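Below are the chains, spelled out letter by letter.
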Amino acid sequence: MLIFTKIADLRGFLKEIKSLGQSVGFVPTMGALHNGHISLISISKKTCNITVCSIFVNPTQFNDKADLKRYPRMPEKDAAFLENAGCDVLFMPSVEEVYPTEKKEAYDFDYLNTVLEGKFRPGHFNGVAQVVKRLFEIVEPDKAFFGSKDYQQVMIIKALVKQMHSHIEIVSCPILRESDGLAMSSRNTLLSKEEREIATKVPKIMIEAKQLALNKGINEAKQFVDNEVEKVSLMKLEYFEICNADTLKTITDNNVPKNAIALIAVFVGKIRLIDNLPLN
Ligand code: PAF
(Lines give C-alpha, C1' and ligand atoms only; values in the text may rest on other atoms or scores of the structure.)
Protein backbone atom coordinates (compact mmCIF):
# COMPACT_ATOMS: atom_id res chain seq x y z
CA MET A 1 0.00 0.00 0.00
CA LEU A 2 1.31 3.43 -0.92
CA ILE A 3 0.96 6.18 1.69
CA PHE A 4 0.79 9.84 0.67
CA THR A 5 0.62 12.91 2.88
CA LYS A 6 1.01 15.53 0.12
CA ILE A 7 -1.66 16.35 -2.44
CA ALA A 8 0.87 16.84 -5.27
CA ASP A 9 2.38 13.37 -4.75
CA LEU A 10 -1.02 11.66 -4.61
CA ARG A 11 -2.22 13.49 -7.71
CA GLY A 12 0.99 12.63 -9.58
CA PHE A 13 0.43 8.94 -8.84
CA LEU A 14 -3.28 9.04 -9.71
CA LYS A 15 -2.57 10.84 -13.00
CA GLU A 16 -0.45 7.90 -14.12
CA ILE A 17 -3.06 5.38 -12.96
CA LYS A 18 -5.84 7.18 -14.83
CA SER A 19 -3.72 7.52 -17.98
CA LEU A 20 -3.65 3.71 -18.03
CA GLY A 21 -7.45 3.66 -18.06
CA GLN A 22 -7.73 2.36 -14.50
CA SER A 23 -10.80 3.28 -12.44
CA VAL A 24 -10.44 4.80 -8.98
CA GLY A 25 -12.66 4.01 -5.98
CA PHE A 26 -12.48 6.31 -2.97
CA VAL A 27 -13.30 5.68 0.69
CA PRO A 28 -13.04 8.92 2.73
CA THR A 29 -12.76 8.32 6.48
CA MET A 30 -11.76 10.02 9.71
CA GLY A 31 -9.76 6.98 10.84
CA ALA A 32 -10.19 4.77 13.93
CA LEU A 33 -11.13 2.20 11.35
CA HIS A 34 -13.40 -0.77 12.02
CA ASN A 35 -14.82 -3.56 9.91
CA GLY A 36 -17.53 -1.23 8.61
CA HIS A 37 -14.81 0.84 6.89
CA ILE A 38 -13.10 -2.33 5.68
CA SER A 39 -16.38 -3.44 4.08
CA LEU A 40 -16.34 -0.17 2.07
CA ILE A 41 -12.77 -0.96 0.95
CA SER A 42 -13.89 -4.46 -0.12
CA ILE A 43 -16.87 -3.12 -2.09
CA SER A 44 -14.61 -0.56 -3.79
CA LYS A 45 -12.06 -3.24 -4.66
CA LYS A 46 -14.78 -5.34 -6.32
CA THR A 47 -15.81 -2.56 -8.70
CA CYS A 48 -12.71 -0.34 -9.16
CA ASN A 49 -9.12 -1.04 -10.23
CA ILE A 50 -7.50 1.11 -7.55
CA THR A 51 -8.89 1.90 -4.09
CA VAL A 52 -7.85 5.06 -2.28
CA CYS A 53 -8.72 5.56 1.39
CA SER A 54 -8.26 8.91 3.11
CA ILE A 55 -7.86 9.44 6.85
CA PHE A 56 -8.48 13.01 7.88
CA VAL A 57 -10.18 14.16 11.08
CA ASN A 58 -11.92 17.16 9.59
CA PRO A 59 -12.07 20.01 12.13
CA THR A 60 -14.72 21.96 10.21
CA GLN A 61 -17.44 19.33 10.73
CA PHE A 62 -17.21 19.29 14.54
CA ASN A 63 -19.67 21.71 16.06
CA ASP A 64 -18.40 20.65 19.50
CA LYS A 65 -14.67 21.29 20.13
CA ALA A 66 -14.56 18.69 22.95
CA ASP A 67 -15.87 16.11 20.48
CA LEU A 68 -13.05 16.97 18.03
CA LYS A 69 -10.46 16.72 20.81
CA ARG A 70 -11.57 13.29 21.99
CA TYR A 71 -12.18 11.84 18.50
CA PRO A 72 -10.09 8.62 18.42
CA ARG A 73 -6.82 8.76 16.44
CA MET A 74 -4.74 5.63 15.74
CA PRO A 75 -2.93 6.15 12.41
CA GLU A 76 -0.43 3.25 12.64
CA LYS A 77 -3.13 0.72 13.54
CA ASP A 78 -5.35 2.09 10.75
CA ALA A 79 -2.56 1.82 8.16
CA ALA A 80 -1.92 -1.82 9.12
CA PHE A 81 -5.65 -2.58 8.97
CA LEU A 82 -5.92 -1.06 5.48
CA GLU A 83 -2.81 -2.84 4.24
CA ASN A 84 -4.33 -6.16 5.38
CA ALA A 85 -7.58 -5.34 3.62
CA GLY A 86 -5.72 -4.87 0.32
CA CYS A 87 -6.24 -1.10 0.09
CA ASP A 88 -3.95 0.31 -2.63
CA VAL A 89 -3.43 3.88 -1.47
CA LEU A 90 -3.74 5.70 1.86
CA PHE A 91 -3.93 9.50 1.86
CA MET A 92 -3.24 11.08 5.27
CA PRO A 93 -2.94 14.84 4.82
CA SER A 94 -2.39 17.43 7.53
CA VAL A 95 -4.97 20.15 8.26
CA GLU A 96 -2.70 22.71 6.51
CA GLU A 97 -2.48 20.52 3.41
CA VAL A 98 -6.28 20.21 3.13
CA TYR A 99 -7.06 23.78 4.17
CA PRO A 100 -4.17 26.06 3.15
CA THR A 101 -6.52 29.00 3.64
CA GLU A 102 -9.42 29.35 6.06
CA LYS A 103 -12.52 27.50 4.88
CA LYS A 104 -15.47 29.80 4.37
CA GLU A 105 -17.57 28.12 1.66
CA ALA A 106 -21.22 27.87 2.61
CA TYR A 107 -23.52 25.29 1.08
CA ASP A 108 -27.26 25.29 0.76
CA PHE A 109 -28.84 21.90 1.33
CA ASP A 110 -32.19 23.43 2.07
CA TYR A 111 -34.60 21.26 4.10
CA LEU A 112 -32.05 18.41 4.44
CA ASN A 113 -29.82 20.62 6.55
CA THR A 114 -32.58 21.67 8.93
CA VAL A 115 -33.67 18.28 10.31
CA LEU A 116 -32.21 15.45 12.41
CA GLU A 117 -28.38 15.74 12.30
CA GLY A 118 -28.66 19.11 10.55
CA LYS A 119 -30.85 20.45 13.36
CA PHE A 120 -28.87 19.04 16.28
CA ARG A 121 -25.37 19.60 14.86
CA PRO A 122 -25.48 23.10 13.33
CA GLY A 123 -22.72 23.60 10.78
CA HIS A 124 -21.87 19.89 10.69
CA PHE A 125 -23.01 19.20 7.12
CA ASN A 126 -21.40 22.39 5.85
CA GLY A 127 -18.10 21.07 7.23
CA VAL A 128 -18.72 17.63 5.72
CA ALA A 129 -19.46 19.22 2.33
CA GLN A 130 -16.31 21.39 2.53
CA VAL A 131 -14.01 18.45 3.13
CA VAL A 132 -15.73 15.98 0.80
CA LYS A 133 -15.68 18.51 -2.06
CA ARG A 134 -11.99 19.21 -1.40
CA LEU A 135 -11.15 15.49 -1.26
CA PHE A 136 -13.19 14.79 -4.41
CA GLU A 137 -11.27 17.54 -6.24
CA ILE A 138 -7.97 16.04 -5.09
CA VAL A 139 -8.72 12.36 -5.81
CA GLU A 140 -11.22 12.76 -8.70
CA PRO A 141 -12.55 9.22 -8.16
CA ASP A 142 -14.99 7.38 -10.40
CA LYS A 143 -16.91 6.11 -7.38
CA ALA A 144 -16.97 7.02 -3.68
CA PHE A 145 -18.23 4.69 -0.95
CA PHE A 146 -20.04 5.72 2.24
CA GLY A 147 -21.67 3.77 5.07
CA SER A 148 -25.43 4.09 5.39
CA LYS A 149 -25.23 4.42 9.19
CA ASP A 150 -24.73 8.08 8.29
CA TYR A 151 -27.91 7.98 6.23
CA GLN A 152 -28.47 11.73 6.06
CA GLN A 153 -24.78 12.32 5.27
CA VAL A 154 -25.09 10.11 2.19
CA MET A 155 -28.09 12.19 1.05
CA ILE A 156 -26.09 15.40 1.62
CA ILE A 157 -23.14 14.04 -0.38
CA LYS A 158 -25.44 13.04 -3.25
CA ALA A 159 -26.84 16.59 -3.21
CA LEU A 160 -23.28 18.01 -3.11
CA VAL A 161 -22.21 15.99 -6.14
CA LYS A 162 -25.26 17.33 -8.02
CA GLN A 163 -24.33 20.89 -7.03
CA MET A 164 -20.75 20.25 -8.21
CA HIS A 165 -22.09 18.93 -11.58
CA SER A 166 -19.79 15.99 -10.90
CA HIS A 167 -20.09 12.48 -12.34
CA ILE A 168 -18.70 10.75 -9.25
CA GLU A 169 -20.98 7.84 -8.37
CA ILE A 170 -21.93 7.83 -4.69
CA VAL A 171 -22.35 4.29 -3.42
CA SER A 172 -24.29 3.82 -0.19
CA CYS A 173 -23.15 0.63 1.58
CA PRO A 174 -24.95 -1.45 4.24
CA ILE A 175 -24.45 -0.83 7.97
CA LEU A 176 -22.15 -3.35 9.61
CA ARG A 177 -23.10 -4.39 13.14
CA GLU A 178 -21.30 -5.96 16.10
CA SER A 179 -22.55 -9.42 17.15
CA ASP A 180 -24.88 -7.76 19.70
CA GLY A 181 -26.40 -5.55 17.01
CA LEU A 182 -24.64 -2.24 17.80
CA ALA A 183 -23.85 -0.40 14.57
CA MET A 184 -20.08 -0.22 14.05
CA SER A 185 -18.72 3.25 14.68
CA SER A 186 -15.34 4.78 15.49
CA ARG A 187 -17.03 6.40 18.48
CA ASN A 188 -17.79 2.97 20.03
CA THR A 189 -14.15 2.81 21.16
CA LEU A 190 -14.81 5.81 23.41
CA LEU A 191 -17.52 4.00 25.41
CA SER A 192 -16.63 2.70 28.87
CA LYS A 193 -17.45 -0.96 29.62
CA GLU A 194 -20.71 0.07 31.29
CA GLU A 195 -21.65 2.45 28.46
CA ARG A 196 -20.79 -0.19 25.85
CA GLU A 197 -23.27 -2.57 27.52
CA ILE A 198 -25.93 0.12 27.62
CA ALA A 199 -25.27 0.94 23.94
CA THR A 200 -26.53 -2.53 22.94
CA LYS A 201 -29.99 -1.26 23.88
CA VAL A 202 -29.96 1.08 20.86
CA PRO A 203 -30.42 -1.56 18.11
CA LYS A 204 -32.81 -3.53 20.34
CA ILE A 205 -34.98 -0.44 20.89
CA MET A 206 -34.94 0.23 17.13
CA ILE A 207 -36.07 -3.31 16.25
CA GLU A 208 -38.87 -3.24 18.81
CA ALA A 209 -39.92 0.25 17.72
CA LYS A 210 -40.11 -0.99 14.12
CA GLN A 211 -42.47 -3.81 15.11
CA LEU A 212 -44.60 -1.44 17.18
CA ALA A 213 -44.78 1.10 14.36
CA LEU A 214 -45.86 -1.56 11.89
CA ASN A 215 -48.36 -3.26 14.23
CA LYS A 216 -49.71 -0.41 16.37
CA GLY A 217 -48.64 2.79 14.68
CA ILE A 218 -45.94 5.43 14.77
CA ASN A 219 -47.20 7.25 17.89
CA GLU A 220 -46.90 4.13 20.00
CA ALA A 221 -43.43 3.42 18.62
CA LYS A 222 -42.25 6.94 19.49
CA GLN A 223 -43.70 6.71 23.00
CA PHE A 224 -41.96 3.37 23.47
CA VAL A 225 -38.56 4.81 22.48
CA ASP A 226 -39.02 7.81 24.80
CA ASN A 227 -39.91 5.50 27.70
CA GLU A 228 -37.08 3.01 27.08
CA VAL A 229 -34.41 5.73 26.91
CA GLU A 230 -35.88 7.54 29.94
CA LYS A 231 -35.44 4.35 32.02
CA VAL A 232 -31.62 4.45 31.70
CA SER A 233 -29.97 7.37 33.48
CA LEU A 234 -26.86 7.26 31.26
CA MET A 235 -28.96 7.55 28.07
CA LYS A 236 -30.35 10.78 26.64
CA LEU A 237 -32.46 10.84 23.48
CA GLU A 238 -31.74 13.59 20.97
CA TYR A 239 -34.23 12.42 18.37
CA PHE A 240 -36.14 9.41 17.17
CA GLU A 241 -38.05 10.02 13.95
CA ILE A 242 -39.82 7.97 11.35
CA CYS A 243 -39.31 9.63 7.98
CA ASN A 244 -39.79 9.19 4.29
CA ALA A 245 -36.53 7.49 3.23
CA ASP A 246 -36.19 9.64 0.08
CA THR A 247 -36.90 13.06 1.55
CA LEU A 248 -36.40 12.70 5.32
CA LYS A 249 -39.75 14.44 5.82
CA THR A 250 -41.25 13.28 9.13
CA ILE A 251 -44.25 11.03 8.64
CA THR A 252 -47.15 12.74 10.38
CA ASP A 253 -49.66 9.94 9.77
CA ASN A 254 -49.86 7.21 12.44
CA ASN A 255 -49.59 4.43 9.85
CA VAL A 256 -46.28 3.43 8.32
CA PRO A 257 -46.28 4.16 4.59
CA LYS A 258 -44.04 2.46 2.01
CA ASN A 259 -40.42 3.61 2.02
CA ALA A 260 -40.18 4.68 5.66
CA ILE A 261 -37.06 4.73 7.80
CA ALA A 262 -36.55 5.14 11.55
CA LEU A 263 -33.58 7.27 12.62
CA ILE A 264 -32.18 7.81 16.10
CA ALA A 265 -29.52 9.89 17.83
CA VAL A 266 -28.88 9.13 21.46
CA PHE A 267 -26.20 9.96 24.00
CA VAL A 268 -24.74 7.17 26.08
CA GLY A 269 -22.78 9.10 28.68
CA LYS A 270 -20.94 11.75 26.65
CA ILE A 271 -20.84 9.67 23.48
CA ARG A 272 -23.37 10.40 20.78
CA LEU A 273 -24.53 7.39 18.77
CA ILE A 274 -26.70 7.33 15.66
CA ASP A 275 -28.46 4.45 13.95
CA ASN A 276 -31.25 3.83 11.46
CA LEU A 277 -33.53 1.04 10.34
CA PRO A 278 -35.71 0.85 7.21
CA LEU A 279 -39.27 -0.07 8.16
CA ASN A 280 -40.37 -1.81 4.96
O1 PAF B 1 -18.30 9.85 7.71
C2 PAF B 1 -17.16 10.31 7.95
O3 PAF B 1 -16.27 9.63 8.45
C4 PAF B 1 -16.89 11.77 7.62
O5 PAF B 1 -18.02 12.56 7.83
C6 PAF B 1 -16.33 11.98 6.20
C7 PAF B 1 -17.33 11.60 5.14
C8 PAF B 1 -15.06 11.16 6.02
C9 PAF B 1 -15.97 13.45 6.00
O10 PAF B 1 -15.03 13.89 6.93
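The structure this text deals with has already been given above.
The rules we used
- Residues numbered from 1 in each chain as written.
- Predicted model: local features only at pLDDT ≥ 70, side-chain atom pairs only at ≥ 80, totals over all residues.
- Heavy atoms only, no water.
- Helix = DSSP H or I, 4+ residues; strand = E, 2+ residues; numbered from the N terminus.
- Buried < 20%, exposed > 50% of the residue type's maximum accessible area, 1.4 Å probe, protein only.
- Contact = heavy atoms within 4.5 Å.
- Expected span 1.5 Å × (residues − 1).
- Near = heavy atom within 4 Å.
- Polar contact = N/O pair within 3.5 Å; in protein donor to acceptor, adjacent residues only side chain to side chain.
- Areas by Shrake-Rupley, 256 points an atom, 1.4 Å probe, with all protein chains shown as cover.
- Nonpolar A, V, L, I, M, F, W, Y, C, P; charged D, E, K, R; others polar.
- Pairing = 2+ DSSP bridges.
- Axes fitted to C-alpha atoms, helices over the stretch in contact; angles between N-to-C directions.
- Salt bridge = Lys/Arg side-chain N within 4 Å of Asp/Glu carboxyl O.
- Core = buried A, V, L, I, M, F, W, Y, C linked by side-chain atoms within 4.5 Å.

Participant: How do you make sense of the overall build of the protein chain when you look at a structure like this?
Facilitator: Within the protein chain, the regular secondary structure consists of 11 helices and nine strands. Its C-alpha atoms give the protein chain principal-axis dimensions of roughly 60 × 40 × 35 Å. Classification of the 280 residues of the protein chain by burial places 51% in the buried group. Across the protein chain, contacts joining residues at least 24 apart in sequence account for 72% of those joining residues at least 6 apart.

Participant: It is not clear to me how helix α2 (residues 35-47) should be interpreted in this structure. Could you clarify?
Facilitator: Residues separated by three or four positions in an α-helix point in the same direction, a consequence of the helix having 3.6 residues per turn. Helix length check: α2, at 13 residues, gives a terminal C-alpha distance of 19 Å against a target of 18 Å (1.5 Å per residue), a fit within 8%. Along α2, the positions that sit buried rather than exposed are G36, H37, I38, S39, L40, I41 and S44. Buried residues in α2 make contact with β2 (24-29), β3 (50-55), α4 (75-84), β5 (143-147) and β6 (169-173).

Participant: Which parts of the structure should I look at to understand the site of the ligand?
Facilitator: Taken together, the neighbourhood of the ligand is formed by P28, T29, M30, Q61, V131, F146 and Q153. One nitrogen or oxygen atom from the side chain of Q61 is found 2.6 Å from an oxygen atom belonging to the ligand. One nitrogen or oxygen atom from the side chain of Q153 is found 2.7 Å from an oxygen atom belonging to the ligand. Protein chains shield 89% of the accessible area of the ligand, which is 290 Å² for the free molecule. When the residues that make up the shell around the ligand are grouped by side-chain class, the tally is four nonpolar, three polar and no charged.

Participant: Teacher, can you tell me more about the sheet that holds strand β7 (residues 235-244) here?
Facilitator: Within a sheet, adjacent strands bond to each other through the backbone by hydrogen bonds, running parallel or antiparallel. Taken in spatial order, the three strands make up an open sheet running β7-β8-β9, and their pairing is antiparallel. Only two strands of the sheet have a single partner each, and these edge strands are β7 and β9 (271-278). Along the sheet, successive strands turn relative to each other by an average axial angle of 15°, direction set aside. By the bridge criterion, eight bridges tie strand β8 (residues 260-268) to β9 in an arrangement that is antiparallel. Across the sheet, the residue bridging to I264 is D275, located in β9. Where helix α11 (residues 218-230) meets the sheet, its contacts fall on β7 and β8, and the angle it forms with β7 comes to roughly 165°.

Participant: Is there a simple way to explain unusual backbone geometry in this structure?
Facilitator: Excluding glycine, residues mostly carry a negative phi; peptide bonds, for their part, are mostly trans. Phi at L116 takes a positive value of approximately 50°, unusual for a residue other than glycine. On the accessibility criterion, L116 (6% relative accessible area) is buried. Of note, the phi angle at L248 is positive, near 65°, even though the residue is not glycine. L248 sits in the buried class, given a relative accessible area of 0%.

Participant: Just to check I follow, could you spell out the pattern of salt bridges for this structure?
Facilitator: Opposite charge on two side chains makes pairing possible when the charged atoms of those side chains draw close. A complete count under the given rule lists 13 salt bridges for this structure. Here E97 makes a salt bridge to K6, at a shortest N to O gap of 3.8 Å. Residue E97 is found in helix α5 (residues 95-98), and its partner K6 is found in the loop between β1 (2-4) and α1 (7-19); the two are separated by 91 residues along the sequence. With a relative accessible area of 42%, K6 lands in the partly exposed category.

Participant: Just checking my understanding: could you explain the nonpolar core for this structure?
Facilitator: Nonpolar side chains in soluble globular proteins tend to end up buried together. Counting residues in each nonpolar core, the largest one holds 47 residues, and the members touching the most others are F136, I170 and L248. For this core, the leading source of residues is helix α7 (residues 124-139), giving nine residues. Once you skip the residues sitting within four places of it in the chain, L248 turns out to touch Y111, L112, V115, L116, Y151, Q152, M155, C243, I261 and L263. Ranked by size, the runner-up nonpolar core spans 30 residues in total, among them I198, V229, I264 and V266.

Participant: How do you make sense of the sheet that holds β1 when you look at a structure like this?
Facilitator: Strand order in this open sheet of six strands is β1-β4-β3-β2-β5-β6, and the pairing throughout is parallel. On the outer flanks of this sheet lie β1 and β6, each paired with one strand and no other. Here the average twist between neighbouring strands, direction ignored, is 25°. Relative to β6, β5 is paired through five bridges, and the arrangement is parallel. Its bridge partner being in β6, K143 is matched across the sheet by E169.

Participant: Quick question: what am I supposed to make of the environment of L263 here?
Facilitator: In this fold, L263 is placed in strand β8. Separated by 57 residues in sequence, L263 and M206 place their C-alpha atoms 8.5 Å apart. Beyond its immediate stretch of four places on either side in the chain, L263 contacts L116, Y151, M206, Y239, F240, E241, C243, L248, D275 and N276.

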